[in-house]
Amino acid sequence: MSLAVPAVLLVLWEICSRHAIVSPRYFPPPTTVGWVLVDGFAAGDLGTQSLVTLTRLGFAFATAAVPGVLLGLLMGMARPVRDAVEPYIAFIFPVPKITLLPFLTIILGVGEPAFVLTGATSAFFQIVISTLGGVQTMDPRLLEVGRNYGARGARLFWKVILPAALPAIFTGLRLGLGLALVALVAVEFIAAKSGLGHLVYRHWQMLSTPEMYAAFAIVGALGLLLTRGLRAVQARVLTWQEEIGRL
Amino acid sequence: MPTRAPKVLVNEVSVTFESHGRSVVALDRISLQAHAGEFLCIVGPSGSGKSTLLRVLAGLLPQSAGDVRIEADRPGTPLTAMVFQEHALLPWRTVRDNVTFGLENRGVGRAEREARAREMLAMVGLTRFAQHYPHQLSGGMKQRVGIARALANDPEVLLMDEPLAALDAQTRTIMQEELLRIWATLGKTVVYVTHSLEEALLLGDRIVLLTARPGRVSQVYSVDLGRPRGLEVRGSPAYGVLLEKIWSQLREEVVRAMAEDRGGEPA
Ligand SMILES: Nc1ncnc2c1ncn2[C@@H]1O[C@H](COP(=O)(O)OP(=O)(O)OP(=O)(O)O)[C@@H](O)[C@H]1O
Ligand SMILES: [Mg+2]
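A. Up close: the overall build of chain B. Check the secondary structure of chain B and you find 8 helices and 9 strands. In terms of C-alpha radius of gyration, chain B reaches 19 Å, essentially the compact-globule figure of 18 Å for 267 residues. Principal-axis analysis of the C-alpha atoms places the extent of chain B at approximately 60 × 50 × 40 Å. Buried positions account for 54% of the 267 residues belonging to chain B.

In structure tokens, the structure reads:
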């Protein structure tokens, strides 16, 4: 079972920590972290802080998704657009988007727009690249099928190109969502005064390690849940796909 | 018997591909005709331009020189419908929606589309699979959907590019018989590309043999083996004579093609 390995590791960690084989100060027992999580959601601000991060993620993803898919499709279908834009994409894509934060704060000031936009750019480039890949790697015979069977222009796009690229678009959205979360937690760690990333930072500063690990755990769980969610949507929408691999 | 009215006219057609700064002549001044209702088979070594010829006929590829004409006697119907090698079904459409794809693009109403799909799926024996997706079908079934899709579009000329090449021997034999039956029912003009001389002799009214690259017409053979034709034709002496005659010519071309691909002299 896929749960066996982490379970064993957690138990080992618990034992080592309780018997001070590893420093309980730096590696508090998982049960302690568990109680911090329960308390934090019940009485503390873990719920609020999670919501702050989720809201930023929502705005970032929404900002990135539509333009990203559109640009990717356009680049895939119009050679001149691709030739004009591709160098910039190739240039910016490998740059960790957190390094855009100083630049964005200079323009927008320190605040939500700069934070959200950092997350959005992170998702945007991934979505563009995946979508473009989806159009470029489509079976060229399907285009011939479309043309031979009378689908031209807009009809060819809606009936052939877009459906063919859809699996890659979904992959791009999923990866983009994950990257946006990464960037946002980093932004919160460095610059924001709220959110899960900020919690990690604050508790690290105060060496309150159980709280720090609790925030970690929520970030991880969020990433897992959101990616799984998008995958479920994909399985719903693309029933025709042979198989949608498990995460 | 096919009537003598010409349906497909290919006149001195050449196709040259430019790739990586080199130009490849795929077709070199090809001329041929298919009569209305004729089953015309094209055979030739790999790379002799058979698929290229079909794509020119389908209007998917412009010829570099020469002209192609397809006589349209029924306005409003498409000139061609292609059965692609390895089916090329749209994976996001059900079997039925693949079959109605061409009709949908022409604005045929839903009721009529579905009636036509039912009819064609019955003809290829896939009625029960109308709501399946392509990935749920076997190779032979996908190929039959490809054929039903082309038939449903009711073209002036049916173009088939090695439609049975990917099938196992048993399925292929059954499909050949089905094709004969369907063709006899519908009386369509068919241009049919195949690697198999046996298949061409079983199906065709005439066989056009192309030379190794660049593709030219080497010989045109009439297949005077009578109709309706079934598998038993393989036992007839005339069949053996014709097969031998075409094969000796084709063999020369294939050896030449292989030698050229190796970049050496003919063996
Ligand atoms: N898009 C293309 N660009 C460049 N060369 C091409 C292209 N399409 C075909 N060719 C070349 O044209 C020639 C004829 O190709 P074609 O696919 O028509 O051959 P074929 O007779 O169908 O072969 P096979 O029996 O293997 O299917 C080949 O030499 C091939 O390399
Ligand atoms: Mg071919």
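From this point on, the discussion continues.
B. Quick look at the sheet that holds strand E7 (residues 189-193) of chain B. All names here are of chain B. Reading across the sheet, the 6 strands line up as E5-E6-E7-E3-E8-E9 and stay open at both edges, with mixed pairing between neighbours. Edge strands, defined here as strands with exactly one partner in the open sheet, are strand E5 (80-83) and strand E9 (217-222). Going from strand to strand, the sheet's axes swing by 15° on average, the running direction of each strand aside. Across 4 bridges, the pairing between strand E3 (residues 39-43) and strand E8 (residues 206-210) is parallel. Each bridged residue has a counterpart across the sheet, and for Cys-41 the counterpart in E8 is Ile-207.

C. Structural context of a nonpolar patch on the surface. Residue and element names in this part refer to chain A. Taken together, the side chains of Phe-103, Ile-106, Ile-107, Leu-108 and Leu-117 present a nonpolar region at the surface, about 510 Å² in accessible area. In terms of residue count, the dominant contributor to the nonpolar patch is helix H5 (residues 101-108) (4 residues). Mapped onto the elements, Leu-108 comes out in helix H5.

D. Spatial organisation of the sheet that holds strand E4 (residues 65-70) of chain B. Residue and element names in this part refer to chain B. Strand order in this open sheet of 3 strands is E2-E1-E4, and the pairing throughout is antiparallel. A strand with exactly one partner marks an edge of an open sheet, and here the two such strands are strand E2 (22-35) and E4. The mean angle between the axes of side-by-side strands here comes to 20°, regardless of whether they run parallel or antiparallel. The strands that helix H1 (residues 50-57) touches are strand E1 (6-19), E2 and E4; relative to E1, the one it contacts most, it runs at about 115°.

E. Structural detail: the packing of aromatic side chains. Scanning the model with the defined rule gives 10 aromatic pairs over all chains in all. Measuring from centroid to centroid gives 5.6 Å for A:Trp13 and A:Tyr213, while their planes differ by 75°, and the two rings are edge-to-face. In this pair, A:Trp13 is assigned in helix H1 (residues 4-18) and A:Tyr213 in helix H10 (residues 209-237), connecting sequence segments 200 residues apart. On the basis of relative accessible area, A:Trp13 is assigned to the partly exposed category, the value being 28%. Look at A:Tyr213 and you get buried, because its relative accessible area is 17%. When the ring of B:Phe39 is compared with that of B:Tyr192, the centres are 5.4 Å apart and the planes differ by 45°; the resulting orientation is tilted. Separated by 153 residues along the polypeptide, B:Phe39 in strand E3 and B:Tyr192 in strand E7 bring together distant segments of the chain. Given a relative accessible area of 1%, B:Phe39 falls into the buried group.

F. Structural view of the domain arrangement of chain B. All names here are of chain B. Here the domain parsing of chain B yields domain 1 (1-79 + 159-267) and domain 2 (89-154). Tallying the contact residues gives 16 residues for domain 1 and 11 residues for domain 2. Contact between domain 1 and domain 2 buries roughly 1,100 Å² in total, counting both sides, with carbon and sulfur atoms accounting for 68%. Of all residues in domain 1, Pro-78, Met-175 and Ile-182 give up the largest surface area on contact with domain 2, accounting jointly for 34% of the area buried on that side. At the junction of domain 1 and domain 2, the tally comes to 2 salt bridges. Between Asp-154 and Arg-74 there is a salt bridge; the shortest N-O distance is 2.9 Å. For the pair domain 1 and domain 2, the number of links is 4 residue pairs in polar contact (both at pLDDT 80 or more). Looking at the side of domain 1 that touches domain 2 element by element, the count peaks at 7 residues for helix H6 (residues 169-186).

G. Inspection of unusual backbone geometry at higher detail. All names here are of chain B. A cis geometry characterises the amide bond from Arg-213 onward to Pro-214, with omega recorded as -5°. Examined against the element boundaries, Pro-214 turns out to sit in the loop between E8 and E9. Backbone torsion omega between Arg-227 and Pro-228 reads -10°, so that peptide bond is classified as cis. Tracing the backbone through its elements, the reader meets Pro-228 in the loop between E9 and helix H8 (237-262). Positive phi is not limited to glycine here, since Glu-86 has a value of about 55°. Residue classification places Glu-86 among the partly exposed residues on the basis of a relative accessible area of 44%. Non-glycine residue Asp-154 carries a positive phi angle of around 50°. Among the secondary structure elements, Asp-154 is positioned in the loop between helix H5 (139-152) and strand E6 (157-161). Residue classification places Asp-154 among the partly exposed residues on the basis of a relative accessible area of 22%.

H. Representation of helix H7 (residues 140-148) of chain A in the model. Among all positions in H7(A), only A:Leu142, A:Glu144, A:Val145, A:Gly146 and A:Asn148 are buried. Among the residues trailing H7(A), A:Gly150 stands out with phi positive, at a value near 85°.

I. Looking closely at the site of ligand 1. Residues and elements named next belong to chain B. Close to ligand 1 lie 13 residues, the nearest being Ser-46, Lys-50, Ser-51, Thr-52 and Arg-213. Here an oxygen atom of ligand 1 sits 3.2 Å away from a polar atom, N or O, in the main chain of Ser-48. Contact between ligand 1 and Ser-51: an oxygen atom at 2.8 Å from a side-chain N or O atom of the residue. Look at ligand 1: alone it shows 640 Å² of surface, and the protein chains cover 68% of it. By residue number, the principal contributor to the shell around ligand 1 is H1, which donates 3 residues. Of the residues that constitute the shell around ligand 1, the class distribution is 3 nonpolar, 7 polar and 3 charged.

J. A look at the interface of chain A and chain B. In this complex, chain A contributes 19 residues to the contact, which on the side of chain B involves 25 residues. For the chain A and chain B pair, buried surface summed over both sides reaches about 2,000 Å², with 57% attributable to carbon and sulfur atoms. By the criterion of area lost to chain B, the three top residues of chain A are A:Asn148, A:Tyr149 and A:Trp240, representing 37% of everything that side buries. Inspection of the region where chain A meets chain B yields 2 salt bridges. Its salt-bridge partner being B:Glu104, residue A:Lys159 comes within 2.2 Å of it at the nearest N-O pair. Counting across the chain A and chain B interface gives 12 residue pairs in polar contact (both at pLDDT 80 or more). Secondary structure elements with two or more residues in the side of chain A that touches chain B: H7 and helix H8 (154-190) of chain A. Sort the elements by how many residues they give to the side of chain A that touches chain B and H7(A) lands first, with 7 residues. Residues that form the side of chain A that touches chain B fall into these classes: 8 nonpolar, 5 polar and 6 charged.

What counts as what
- Residues numbered from 1 in each chain as written.
- Chains lettered and ligands numbered in written order.
- Predicted model: local features only at pLDDT ≥ 70, side-chain atom pairs only at ≥ 80, totals over all residues.
- Heavy atoms only, no water.
- Helix = DSSP H or I, 4+ residues; strand = E, 2+ residues; numbered from the N terminus.
- Rg over C-alpha atoms; globule rule 2.2 N^0.38 Å.
- Buried < 20%, exposed > 50% of the residue type's maximum accessible area, 1.4 Å probe, protein only.
- Pairing = 2+ DSSP bridges.
- Axes fitted to C-alpha atoms, helices over the stretch in contact; angles between N-to-C directions.
- Patch = residues over 30% accessible without salt bridge, like charges linked within 9 Å, V, L, I, M, F, W, Y side chains within 5 Å.
- Areas by Shrake-Rupley, 256 points an atom, 1.4 Å probe, with all protein chains shown as cover.
- Salt bridge = Lys/Arg side-chain N within 4 Å of Asp/Glu carboxyl O.
- Contact = heavy atoms within 4.5 Å.
- Phe/Tyr/Trp six-rings, centres within 6.5 Å; stacked < 30°, edge-to-face > 60°.
- Domains from an automatic or database assignment.
- Buried area = accessible area lost by both parts, 1.4 Å probe.
- Polar contact = N/O pair within 3.5 Å; in protein donor to acceptor, adjacent residues only side chain to side chain.
- Near = heavy atom within 4 Å.
- Nonpolar A, V, L, I, M, F, W, Y, C, P; charged D, E, K, R; others polar.

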